[in-house]
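Overview (structure and organization)
Read off the chains here:
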Amino acid sequence: MNDFIFHNPDKVYFGKSHLGNLPAELKAFGSKVLLVYGGGSIKRNGLYDEIVTLCKDNGIELFELSGVEPNPRHSTANKGAEICKREGINVVLAAGGGSTIDCAKGVAAAAKTPDGDVWKLVSGGVWVTEALPLVAILTNAATGSEMDAWAVISNMDTNEKIGLGGSALIPKVAFENPEYSYTLPSYQTACGAFDIFNHALDNYYLAGDATFDLLLEMQEAVMRTVVKWAPIAMNEPENYEARANLMWASSMALNTILDGGTVHGCACHAMEHELSAYYDITHGHGLAILTPRWLSYILDEETAPAIYRFGVTVFGVDSGLEPMDGAKKAIEACSKFCFETLGLKPNLSDLGIDTTHFKAMASHACAGGVITGLKNLSPADVEKIYEMCL
Ligand code: NZQ
Ligand code: ZN
């Protein structure tokens, strides 16, 4: 167990009854607000009208950046930064899923730079310490962006999808009402759920040697929560318990509570971001295709006990097996969850992906070195894993 600092200043309003506090929370920063949202889901489910009415009734001047894409583009964030500069915006309000919140973070950061270009921050690997304040209303349980310090921004001109991090990117306030996720289609529910699952598995649980028993059990609890509640949310979209469990699991998985004292890896995430950078696929689906193959690839005598423990505690694989046999059963259970329970198509070829860019993607995923983790991965390893996913 390593030393750590835990500091997450995000104030979360969780539940059905809190949106009335939105005007006061916004006005703490000023009365000029940029509302950032995606392709229209918040208009269809009524959230947009609620926000507009609350702002109008409370003397808040609302400006808008709409049309944020899934896998949000740097060019869209730059448009938002321009509005912020031109109008003297005091606070950015994101209403949507991870893409919308990430784009709003890009807007908030770029608005504080002289030329308003988020890509300079992203490509320069800048740790953002200055940004406009951000308030988030979450509608999709998935990325953890509502409570974390990261935004993932895409530049489709260069096939790059890169994380922008910084203490100033943590939302000041987040509203998490599980009812806002009732309208999520089953496919997005499945993809979001697997993203949550993979954050616990990939980032911390199978990241390396430094583990901390309390946190291992909390990471397992997050994964078990997804295994239990995702199929229920898919079958009963308006099941509040299911939506609430997934939403809080989303926040728990990446708000740094699960990583204190551990090491941090992200093998599947590094490999997946290349898939969405080149092919604009849905992040959680890419992760689901990669994860069981990655587990098979890294399985050996050394990794088998950890993979087996995951099978027992998360999927109820029998205890008392030889570690290698148990680990194989764990991987089988994980595959079954991804491709049968969540119903996600199992192969990259199902998403129109072939070998064309594998070499470039593998090299970029390793960023000039290796992806560190329970087993370090070289570009050649990553290429083989992509091939296993075909
Ligand atoms: O654009 P709208 O119309 O809002 O529709 C969205 C979009 O089409 C729709 N949706 C969201 N909430 C809905 C809804 N539809 C109906 N009802 C609702 N309540 O779902 C679609 C996908 O939305 P998106 O925001 O793209 O999904 P998600 O939340 O999974 O975000 C994915 C993005 O976040 C990044 C991913 O790489 C990807 O770019 N990530 C961000 C992270 C972070 N900030 O820390 C970490 C993650 O690992 C991830 O990389
Ligand atoms: Zn993710």
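Here, the structure is the one placed above.
Residues numbered from 1 in each chain as written. Chains lettered and ligands numbered in written order. Predicted model: local features only at pLDDT ≥ 70, side-chain atom pairs only at ≥ 80, totals over all residues. Heavy atoms only, no water.

**Topic: the overall build of the protein**
When helices and strands are counted, the protein shows 15 helices and eight strands. The globule rule puts the C-alpha radius of gyration for 390 residues at 21 Å, and the 20 Å found for the protein is close to it. In terms of overall dimensions, the protein has C-alpha extents of about 65 × 45 × 40 Å along its principal axes. For the protein, contacts bridging at least 24 residues in sequence account for 78% of all contacts bridging at least 6. Carbon and sulfur atoms make up 51% of the accessible area of the protein, which totals about 15200 Å². Of note, the protein has its 28 positive side-chain charges centred 5 Å away from the centre of its 47 negative side-chain charges. (Helix = DSSP H or I, 4+ residues; strand = E, 2+ residues; numbered from the N terminus. Rg over C-alpha atoms; globule rule 2.2 N^0.38 Å. Contact = heavy atoms within 4.5 Å. Areas by Shrake-Rupley, 256 points an atom, 1.4 Å probe, with all protein chains shown as cover. Lys, Arg positive; Asp, Glu negative; His and termini not counted. Charge placed at Lys NZ, Arg CZ, Asp CG, Glu CD.)

**What about the packing of helix H7 (residues 186–205) against helix H10 (residues 267–279)?**
Remark: H7 packs on H10, axes separated minimally by 8 Å, with the N-to-C direction vectors making an angle of 130°. As the angle between them shows, H7 and H10 are arranged oblique. Every residue of H10 that contacts H7 at Asp195, Asn198, His199, Asp202 and Asn203 is listed here: Ala267, Cys268 and His269. In the contact of H7 with H10, the residues fall into two nonpolar, four polar and two charged. (Axes fitted to C-alpha atoms, helices over the stretch in contact; angles between N-to-C directions. Parallel < 35°, antiparallel > 145°, perpendicular 65-115°, else oblique. Nonpolar A, V, L, I, M, F, W, Y, C, P; charged D, E, K, R; others polar.)

**Topic: the coordination of the zinc ion (ligand 2)**
For a metal with four tetrahedral donors the ideal donor-metal-donor angle is 109.5 degrees, whereas six octahedral donors ideally subtend 90 or 180 degrees. In this structure, Asp195 (OD), His199 (NE2), His269 (NE2) and His283 (NE2) serve as the protein donors to the zinc ion (ligand 2), at separations of 2.0 to 2.2 Å. Going along the chain, you hit the donors of the zinc ion (ligand 2) in the pattern D-x3-H-x69-H-x13-H. You can see Asp195 and its partner His199 sitting in helix H7, four residues apart, about one turn around the helix. Relative accessible area serves as the criterion here: at 2%, Asp195 is assigned to the buried category. Since its relative accessible area comes to 3%, His199 is described here as buried. (Donors = N, O, S within 2.8 Å, 3.2 Å for Na, K, Ca; no water. Buried < 20%, exposed > 50% of the residue type's maximum accessible area, 1.4 Å probe, protein only.)

**A few points about the layout of surface pockets**
By volume, the second largest pocket amounts to about 210 Å³. If you go around the second largest pocket, the residues you meet are Tyr205, Leu206, Gly208, Asp209, Thr211, Leu216, Glu302, Thr303, Pro305, Ala306, Arg309 and Leu374. Counting residues per element, the lining of the second largest pocket draws most heavily on helix H12 (residues 304–315), which supplies three residues. Residues belonging to the lining of the second largest pocket are distributed by class as follows: six nonpolar, three polar and three charged. (1 Å grid on protein atoms, 1.4 Å probe; cavity = no way out; pocket = protein on both sides within 12 Å on 5 of 7 lines; lining within 4 Å. Points joined across faces, edges and corners; volume = space filled by probe spheres on them.)

**What to know about the packing of H7 against helix H8 (residues 213–235)**
The axes of two packed helices give the description: the angle between them and the distance between them. Taken N-terminus to C-terminus, the directions of H7 and H8 make an angle of 170°; their axes are 10 Å apart at the nearest point. In this view, H7 runs roughly antiparallel relative to H8, as classed from their interaxial angle. Contact residues: Ser186, Thr189, Ala190, Ala193, Ile196, Phe197, Ala200, Leu201, Tyr204 and Tyr205 in H7; Leu216, Gln219, Glu220, Val222, Met223, Val226, Val227, Ala230, Ala233 and Met234 in H8. A breakdown of the residues in the contact of H7 with H8 according to their chemical character gives 16 nonpolar, three polar and one charged.

**Looking at the nonpolar core**
Counting residues in each nonpolar core, the largest one holds 106 residues, and the members touching the most others are Phe197, Trp294, Phe310 and Tyr386. In contact with Phe197, not counting residues within four places along its chain, are Met223, Val226, Val227, Phe310, Val314, Phe315, Cys334 and Phe337. (Core = buried A, V, L, I, M, F, W, Y, C linked by side-chain atoms within 4.5 Å.)

**Some words on the site of ligand 1**
Close to ligand 1 lie 33 residues; Ser41, Gly98, Ser99, Asp148 and Lys161 are nearest. Here a nitrogen atom of ligand 1 sits 2.8 Å away from a polar atom, N or O, in the side chain of Asp102. Separating an oxygen atom of ligand 1 from a side-chain N or O atom of Asn140 is a distance of 3.0 Å. Coverage of ligand 1 by the protein amounts to 89% of the 960 Å² it exposes when considered alone. Of all the secondary-structure elements, those providing two or more residues to the shell around ligand 1 are helix H5 (98–110), strand S6 (150–155), H7 and H10. Considered class by class, the residues forming the shell around ligand 1 number nine nonpolar, 20 polar and four charged. (Near = heavy atom within 4 Å. Polar contact = N/O pair within 3.5 Å; in protein donor to acceptor, adjacent residues only side chain to side chain.)

**Details of H12**
An α-helical segment advances 3.6 residues per turn. Residues three or four places apart therefore align on the same side. Its twelve residues place the ends of H12 16 Å apart at the C-alpha level, agreeing with the 16 Å of an ideal helix rising 1.5 Å per residue. Listed as buried for H12 are Ala304, Ile307, Tyr308, Phe310, Gly311 and Val314. For H12, the angular spread of the buried residues around the axis is 155°, confining them to a single face. At its buried positions, H12 is contacted by H7, H8, helix H11 (283–298) and helix H13 (323–341). Phi turns positive one or two residues past the end of H12, at Gly316, with a value near 70°. (Expected span 1.5 Å × (residues − 1). Arc of directions from axis to C-beta.)

**A short note on the side chain of Thr189**
If you trace the backbone, Thr189 turns up in helix H7. Residue class for Thr189 comes out buried when judged on its relative accessible area of 4%. Other than its neighbours up to four places away in sequence, Thr189 contacts Leu184, Ala233, Met234, Arg243 and Leu246.

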